Amino acid sequence: MGKGASLSDGVMKKILLSYAYVGIWIFLSFTVIVYNKYILDRKMYNWPFPISLTMIHMLFCSSLAFLLVRVFKLVEPVSMSRDLYVSSVLPIGALYSLSLWFSNSAYIYLSVSFIQMLKALMPVAVYSIGILFKKESFKTESMANMLSISLGVAIAAYGEARFDSWGVILQLGAVAFEATRLVLIQILLTSKGITLNPITSLYYVAPCCLGFLFVPWLLVEFPVLKQSSSFHFDYMIFGTNSICAFALNLAVFLLVGKTSALTMNVAGVVKDWLLIAFSWSVIKDTVTPVNLIGYGLAFLGVAYYNHSKLQALKAKEAQKKAAQIDEEAGKLLEEREGEGMGKKSDSQA
């Protein structure tokens, strides 16, 4: 009775902690998206400099990551040669900087709700690029699912009241760069046995992003900022915004480490619906019935994609367990045969 109670208490505690991690991640992700929109939108804080904002985030995050890894030694650095850094981390850093630049730029032109609808294309992009790099195998069922997600997003775009072609191009570009980055992480790092948590990832990747963004910032935004003599750097606004961005990375580490990447994907769907509701009710963005029908179709496609991934993970785990049982049974049989041979030789002697 006591054992059953303690077991159920342990399971309940684990479930509650999982929900807490999900809640923290949703809150921080929600906050960063709305905060970035507030800073960049011309009708709100009116500071339309996405490269500068991304560079502030990267400078803050790389500084804190350096302190955690090198000064306080709270996180172990990864053993990495210069050749590996140049061949693997630099391409990932370049793609990450482009993804952040383009996605932040989209907030100037598009509503928060419509951006979340466009982000539903991420599984389509990851699957397509995975096939291109031979990390995924072509399956008719998977492709049909990807087409249903794409159709849903296309319907949502058709019903968008504030449709802006340039904003859509920027957001689709951000999705493509991010999907390519995720696939390259598998090819360039994971396949070599290197795993980076969000802190070590920022430690290695954030300085690259700063370097890659410096040239476009110098050409595109610096001349405008130089002429804008009325602007004064607001440490409260940009400081709290950067803290939220860094905290989001920690939340990702907690969520994936304590639950799974799949849990984060499912939580991401919940977050997107909350953002759409917030965008409509608080920011007063127009969300049309056609928007909702389109995104609803895309949502079903993404839900099926997550379900398929979960089933594949379960099958993989079952195969691992079966292999372990077979291995243990084989060892036990060998031990018994060895013991039998030993007894036989003793009796003959």
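Residues numbered from 1 in each chain as written. Predicted model: local features only at pLDDT ≥ 70, side-chain atom pairs only at ≥ 80, totals over all residues. Heavy atoms only, no water.

As named in an unreviewed UniProt entry, the chain is Sugar phosphate transporter domain-containing protein, taken from Tetracentron sinense. Entered under Subcellular location (unreviewed entry) in the UniProt record, the comment concerning the chain runs "Membrane". (UniProt positions renumbered as here; feature names shortened; annotations may be inferred.)

**Re helix H8 (residues 198-227)**
With 30 residues, H8 should cover 44 Å at 1.5 Å per step; its first-to-last C-alpha distance of 37 Å lies more than 12% under that length. Along H8, the sharpest change in direction is near 55° and occurs at Trp217. If you check the start of H8, you find a side-chain oxygen 2.9 Å away from the backbone N of Ile199, and it comes from Asn197. (Helix = DSSP H or I, 4+ residues; strand = E, 2+ residues; numbered from the N terminus. Expected span 1.5 Å × (residues − 1). Bend = angle between axes of the 7 residues up to and from the residue. Polar contact = N/O pair within 3.5 Å; in protein donor to acceptor, adjacent residues only side chain to side chain.)

**Digging into the nonpolar core**
In this structure, Trp25, Ile39, Trp47, Phe114, Met117 and Phe238 are the most contacted members of the largest nonpolar core, which totals 51 residues. It is helix H1 (residues 2-40) that contributes the most residues to this core, 12 residues altogether. Membership of the second largest hydrophobic core comes to 31 residues, among which are Ile51, Cys61, Val75 and Cys208. (Core = buried A, V, L, I, M, F, W, Y, C linked by side-chain atoms within 4.5 Å. Buried < 20%, exposed > 50% of the residue type's maximum accessible area, 1.4 Å probe, protein only.)

**Let's talk about the pattern of salt bridges**
Opposite charge on two side chains allows them to pair when their charged atoms are near. The tally for this structure, following the rule as stated, stands at four salt bridges. Close ionic contact of Asp41 with Lys37 constitutes a salt bridge, the shortest N to O distance being 2.7 Å. One exposure class covers both Asp41 and Lys37, and it is buried. Between Arg181 and Glu178 there is a salt bridge, and its shortest N-O distance comes to 2.7 Å. Residue Arg181 and its partner Glu178 are located together in helix H7 (residues 165-189), separated by three residues, close to a single helical turn. Residue Arg181 is classed as buried on the basis of its relative accessible area of 12%. (Salt bridge = Lys/Arg side-chain N within 4 Å of Asp/Glu carboxyl O.)

**Digging into the packing of helix H4 (residues 112-119) against H7**
Between H4 and H7, whose axes approach to 10 Å, the crossing angle comes to 40°. In terms of orientation, H4 and H7 fall into the oblique class. H4 and H7 meet at a crossing whose hand is right-handed. Listed contacts from H7 to Phe114, Ile115, Leu118 and Lys119 of H4 are Val168, Gln171, Leu172 and Val175. Residue composition of the contact of H4 with H7, grouped by class: six nonpolar, one polar and one charged. (Axes fitted to C-alpha atoms, helices over the stretch in contact; angles between N-to-C directions. Parallel < 35°, antiparallel > 145°, perpendicular 65-115°, else oblique. Left-handed = near helix turned anticlockwise from the far one by under 90°. Contact = heavy atoms within 4.5 Å. Nonpolar A, V, L, I, M, F, W, Y, C, P; charged D, E, K, R; others polar.)

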